[in-house]
Amino acid sequence: MTGTASASARRITDALLEECGRTYAAEAGVRLRDTPQPLYQLLVLSHLLSARIRAPVAVAAARALFGHGMRTPRRMADATWQQRVDALGEGGYRRYDERTSTQLGEGARLVLDVWKGDLRRLRAEADGDMEVLRAGLRRVRGIGPAGADIFVREVQAVWPETGFWVGAKGLQGAERLGLPTSPGRLSDLARDRDRATFAAALVRAALDRETAETVRESALARK
């Protein structure tokens, strides 16, 4: 990367973070810490975001579930199937509400049975191996490769052993913005910034062409 290109990339990065510098966890009201409840809430959010449904709807559905007290695997498992369906519908998550309600109940019971309700146990099992971590996440009903990608991308804020993780969707956002598309070069841009926030912002650019155009225009105005 030349010096000029580097300066341009940094302007785009600054504009991107100014325009949409927030994680999806923060948007869903999850105060992410390395403790059981927010980690489980992030798992639920990752599940909802991974479906073929608009991200704001998934975030609203997560907020509704949490607002109805389903913030822990025990509370999620103890809720009735209909209570989960109703909360998902309240958030506008209607297309997949019945299937997702079933998956959330089964997933909560697995988290309780396998990791005693504490995803830090999965972290300990993985011991820094991202393939082991992602495979563990995929054991949860409804969490596929996309959901595991989302969880790792957001959890890097509190699990630094993940390294800088943007996932396939984040790389698409980088390409749309004209940023480097190699994780190594993106990691250089993330230096001294919140990595999870930067990664989430790249995903927002991938999902919304208008957002990407606004960022590019703002970066040009910074010259």
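Calculation notes
- Residues numbered from 1 in each chain as written.
- Predicted model: local features only at pLDDT ≥ 70, side-chain atom pairs only at ≥ 80, totals over all residues.
- Heavy atoms only, no water.
- Helix = DSSP H or I, 4+ residues; strand = E, 2+ residues; numbered from the N terminus.
- Buried < 20%, exposed > 50% of the residue type's maximum accessible area, 1.4 Å probe, protein only.
- Contact = heavy atoms within 4.5 Å.
- Areas by Shrake-Rupley, 256 points an atom, 1.4 Å probe, with all protein chains shown as cover.
- Polar contact = N/O pair within 3.5 Å; in protein donor to acceptor, adjacent residues only side chain to side chain.
- 1 Å grid on protein atoms, 1.4 Å probe; cavity = no way out; pocket = protein on both sides within 12 Å on 5 of 7 lines; lining within 4 Å.
- Points joined across faces, edges and corners; volume = space filled by probe spheres on them.
- Axes fitted to C-alpha atoms, helices over the stretch in contact; angles between N-to-C directions.
- Parallel < 35°, antiparallel > 145°, perpendicular 65-115°, else oblique.
- Left-handed = near helix turned anticlockwise from the far one by under 90°.
- Nonpolar A, V, L, I, M, F, W, Y, C, P; charged D, E, K, R; others polar.

Re the overall build of the protein chain
In step 1: On a plain count of helices and strands, the protein chain comes out with 14 helices and zero strands.
In step 2: When the helices and strands of the protein chain are read in sequence order from the N terminus, they spell out α-α-α-α-α-α-α-α-α-α-α-α-α-α.
In step 3: Projected onto the principal axes, the alpha-carbon positions of the protein chain cover approximately 55 × 35 × 25 Å.
In step 4: Taken across its 223 residues, the protein chain has 50% of its residues classed as buried.
In step 5: If you take every contact in the protein chain between residues at least 6 apart in sequence, the share linking residues at least 24 apart comes to 67%.
In step 6: Accessible area for the protein chain stands at about 10500 Å²; split by element, carbon and sulfur atoms hold 45% of it.

So, the side chain of Thr-13
In step 1: Relative to the elements of secondary structure, Thr-13 occurs in helix α1 (residues 3-20).
In step 2: According to the relative accessible area criterion, Thr-13 is buried, its value standing at 0%.
In step 3: One polar contact links the side chain of Thr-13 to the main-chain carbonyl oxygen of Ala-9, over a distance of 2.8 Å.
In step 4: Those residues in contact with Thr-13, other than ones at most four positions away along the chain, are Leu-179, Leu-189, Arg-193 and Phe-198.

A few points about the layout of surface pockets
Any empty space left between atoms is shown by rolling a water-sized probe over those atoms.
In step 1: Considering only enclosed or pocket space, the largest pocket measures out at about 590 Å³ in volume.
In step 2: Forming the walls of the largest pocket are 27 residues, and the residues nearest its centre are Tyr-24, Ala-55, Lys-169, Val-203 and Leu-207.
In step 3: Contributing elements (two or more residues each) for the lining of the largest pocket: α1, α2 (24-27), α4 (55-67), α10 (145-155), α11 (167-177) and α13 (195-207).
In step 4: Put simply, the second largest pocket is a space of about 150 Å³.

Quick look at the packing of helix α9 (residues 130-137) against α10
In step 1: The interhelical angle for the contact between α9 and α10, taken along N-to-C directions, is 120°, at an axis separation of 9 Å. In terms of axis orientation, α9 runs oblique to α10. Considering how the two elements wind past one another, α9 and α10 form a crossing that is right-handed. Residues Met-130, Leu-133, Arg-134 and Leu-137 of α9 pack against Pro-145, Ala-148, Asp-149, Phe-151 and Val-152 of α10.

Comments concerning empty space enclosed by the protein
In step 1: What the rule picks out here adds up to one cavity of 30 Å³ or more.
In step 2: Of the pockets and cavities examined, the largest cavity occupies roughly 50 Å³.
In step 3: Lining the largest cavity we find Tyr-40, Leu-43, Val-44, His-47, Gln-103, Leu-104, Gly-107, Ala-108, Val-140 and Arg-141.
In step 4: Counting only elements with at least two residues in the lining of the largest cavity, the list comes to α3 (36-49) and α7 (97-115).
In step 5: For the lining of the largest cavity, the per-class residue count stands at six nonpolar, three polar and one charged.

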